[in-house]
Amino acid sequence: MKLLLKKIVRLYPLYFFSLVYFWIINPAINTGPVWHIYQQEAELCSTNWWRSLLLIDNLFGDNHCFKGSWFVQAEIQFTIVSSVLIYLFRKRPNITLLISGCLLAISILFTSSTNIDVPFFDMMNTDLTFKQHFASSFTHLHFYLFGVFALFCKKVYQESDK
């Protein structure tokens with residue numbers, strides 16, 4: 001819990017400022033040849049600002065406000081998952097190993113079940129690809145869980161040597 005609070009205190013002020021700048025301040029400076037694209041994305045914040053503020057916008061499949069913030073949102077979500085797993089590991093290490101291993105397998109299966117039928121250079125221009133592969137926490141969770149799972153295995157191995 002301490003880790004989560006520390007991370008939120010460190011990330012949230014700059015995240016909040018960036019969101020407000022993207023949504024409110026920058027549209028007042030409307031100029032440029034591709035402004036209409038930016039304006040369409042900024043308008044999504046008028047209805048979906050609360051999802052970005054709660055750091056859960058990447059969990060929804062449509063109309064992302066402030067698309068570039070998916071990584072910060074995913075990082076906070078992964079910290080919540082790992083905090084719960086670490087707490088459980090202190091109470092019941094063997095059950096937590098099983099749970100984290102199952103979560104790891106499910107995340108890998110979810111990621112491998114999604115297809116990319118878009119040419120490589122058009123990936124970022126395709127909104128569906130962005131939603132399914134880049135913004136979704138589920139497609140990045142296995143990297144994070146692998147580290148947590150490896151830590152748990154190391155701790156169990158060290159305790160069995162004693």
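About the cut-offs
- Residues numbered from 1 in each chain as written.
- Predicted model: local features only at pLDDT ≥ 70, side-chain atom pairs only at ≥ 80, totals over all residues.
- Heavy atoms only, no water.
- Helix = DSSP H or I, 4+ residues; strand = E, 2+ residues; numbered from the N terminus.
- Buried < 20%, exposed > 50% of the residue type's maximum accessible area, 1.4 Å probe, protein only.
- Contact = heavy atoms within 4.5 Å.
- Areas by Shrake-Rupley, 256 points an atom, 1.4 Å probe, with all protein chains shown as cover.
- Core = buried A, V, L, I, M, F, W, Y, C linked by side-chain atoms within 4.5 Å.
- Axes fitted to C-alpha atoms, helices over the stretch in contact; angles between N-to-C directions.
- Parallel < 35°, antiparallel > 145°, perpendicular 65-115°, else oblique.
- Left-handed = near helix turned anticlockwise from the far one by under 90°.
- Nonpolar A, V, L, I, M, F, W, Y, C, P; charged D, E, K, R; others polar.

Peer 1: Can you walk me through the overall build of the chain in this structure?
Peer 2: Helices and strands together make up the secondary structure of the chain, namely six helices and zero strands. Overall, the chain shows an N-to-C arrangement of helices and strands of α-α-α-α-α-α. In the chain, which comprises 162 residues, the proportion classed as buried is 31%. A separation threshold of at least 6 residues defines the contact pool for the chain, and within that pool the share at least 24 residues apart is 56%. Working note: accessible area of the chain is about 10,700 Å², and carbon and sulfur atoms make up 69% of it.

Peer 1: Sorry if this is basic, but what is going on with unusual backbone geometry here?
Peer 2: A negative phi angle characterises most non-glycine residues, just as the trans form characterises most peptide bonds. We note that L55 has phi near 65 degrees; this positive angle belongs to a residue other than glycine. Its place among the elements puts L55 in the loop between α2 (35-53) and α3 (70-91).

Peer 1: Before we go on, may I ask you to explain the nonpolar core in this structure?
Peer 2: Where a protein is soluble and globular, its nonpolar side chains tend to be buried together. If you look at the biggest cluster of nonpolar residues, it comprises 12 residues: L4, Y15, L19, F22, W35, Y38, A42, C45, L55, C65, F66 and I76. Among the secondary structure elements, those contributing two or more residues to this core are α1 (2-25) and α2. If you look at the next biggest cluster of nonpolar residues, it comprises 11 residues, including W70, L85, F89 and L104.

Peer 1: I keep staring at the packing of helix α4 (residues 93-113) against helix α6 (residues 141-161) and nothing clicks. Help me out?
Peer 2: Two packed helices can be described by the angle between their axes and the distance between those axes. It is the contact of α4 with α6, at a shortest axis distance of 9 Å, that shows an interaxial angle of 155 degrees. Relative to α6, the element α4 is oriented roughly antiparallel. Seen from above, α4 lies across α6 with left-handed handedness. Facing α4, whose interface residues are T96, L97, S100, G101, L103, L104, S107, I108 and T111, α6 presents L141, H142, L145, F146, F149, F152, C153 and V156. Considering only residue class, the contact of α4 with α6 consists of 11 nonpolar, six polar and no charged.

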